[in-house]
Amino acid sequence: MTTILVLNGPNLGRLGTREPEVYGSESLADIEAQLAASVPEGVEIDLRQTDDEAELVGWIHEAVDRRVPVVLNPAAFTHYSYALRDAAAQLKQAGVPLIEVHLSNPHARETFRHTSVISGIATGVIAGFGSGSYRLAVDAVLRSLG
Ligand code: DQA
């Protein structure tokens, strides 16, 4: 069984009701169901969400230790969490794929969202396609696994 960790940062548990004009009307549970339905047999989606930076860092450490590829929507941590970047850099060091995703296109929004401290160590970045960003990212992980 191949596992893909789909990790989500702060406020993403509010998807569906949070600024639907920006983030769409689907909940994280909807996205999880779509991803689970889209992956081939033998691939498991392990989707998690936290508002807690320490918990997210811990999940990245787990991914490093287990060599599990990660799709990460760091949410607001994208823009300032050096702790998350340092954790994610260990995925790069271990050769484990990390795809940064965003529902919106942060570059088309407020200036503070134009900076990502994660992108520099990510395998790739997908942004602006709503829940489709997650599907594209999972597809990219599957292709990288061959
Ligand atoms: C987001 C973009 C971030 O700027 C924001 O803080 C989020 C969601 C996105 O998916 O578009 O919470 O990561």
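What counts, and where the lines are drawn
Residues numbered from 1 in each chain as written. Predicted model: local features only at pLDDT ≥ 70, side-chain atom pairs only at ≥ 80, totals over all residues. Heavy atoms only, no water. UniProt positions renumbered as here; feature names shortened; annotations may be inferred. Helix = DSSP H or I, 4+ residues; strand = E, 2+ residues; numbered from the N terminus. Buried < 20%, exposed > 50% of the residue type's maximum accessible area, 1.4 Å probe, protein only. Contact = heavy atoms within 4.5 Å. Polar contact = N/O pair within 3.5 Å; in protein donor to acceptor, adjacent residues only side chain to side chain. Expected span 1.5 Å × (residues − 1).

### Digging into the UniProt feature "active site" (unreviewed entry) in the protein chain
Part 1: UniProt annotation of "active site" (unreviewed entry) refers to Tyr23 and His102 when read in the numbering used here. Of the residues just listed, which span 80 residues, no C-alpha pair is farther apart than 9.2 Å, and they cluster in one region.
Part 2: Inspection of the secondary structure assignment puts Tyr23 in helix H1 (residues 20-23).
Part 3: Owing to a relative accessible area of 9%, Tyr23 belongs among the buried residues under this scheme.
Part 4: Excluding residues within four positions of it along the chain, Tyr23 makes contact with Leu15, Arg18, Leu103, Ser104, Arg109 and Arg113.
Part 5: Within the structure, the side chain of Tyr23 is placed 3.4 Å from the side chain of Arg18, a separation counted as a polar contact.
Part 6: Assignment of secondary structure puts His102 in strand S4 (residues 98-102).

### Focus on unusual backbone geometry
Part 1: Positive phi is not limited to glycine here, since Asn11 has a value of about 75 degrees.
Part 2: Secondary-structure assignment places Asn11 in the loop between strand S1 (2-8) and H1.
Part 3: Positive phi is not limited to glycine here, since Arg67 has a value of about 60 degrees.
Part 4: Counting through the fold element by element, Arg67 comes out in the loop between helix H3 (53-66) and strand S3 (70-73).

### Concerning helix H5 (residues 132-145)
Part 1: Spanning 14 residues, H5 covers 20 Å between terminal C-alpha atoms, matching the ideal 20 Å at 1.5 Å per step.
Part 2: Here the buried face of H5 lies against S1, helix H2 (28-38), strand S2 (43-49), S3, S4 and strand S5 (124-127).
Part 3: Backbone geometry just after H5 places Gly146 at a positive phi near 85 degrees.

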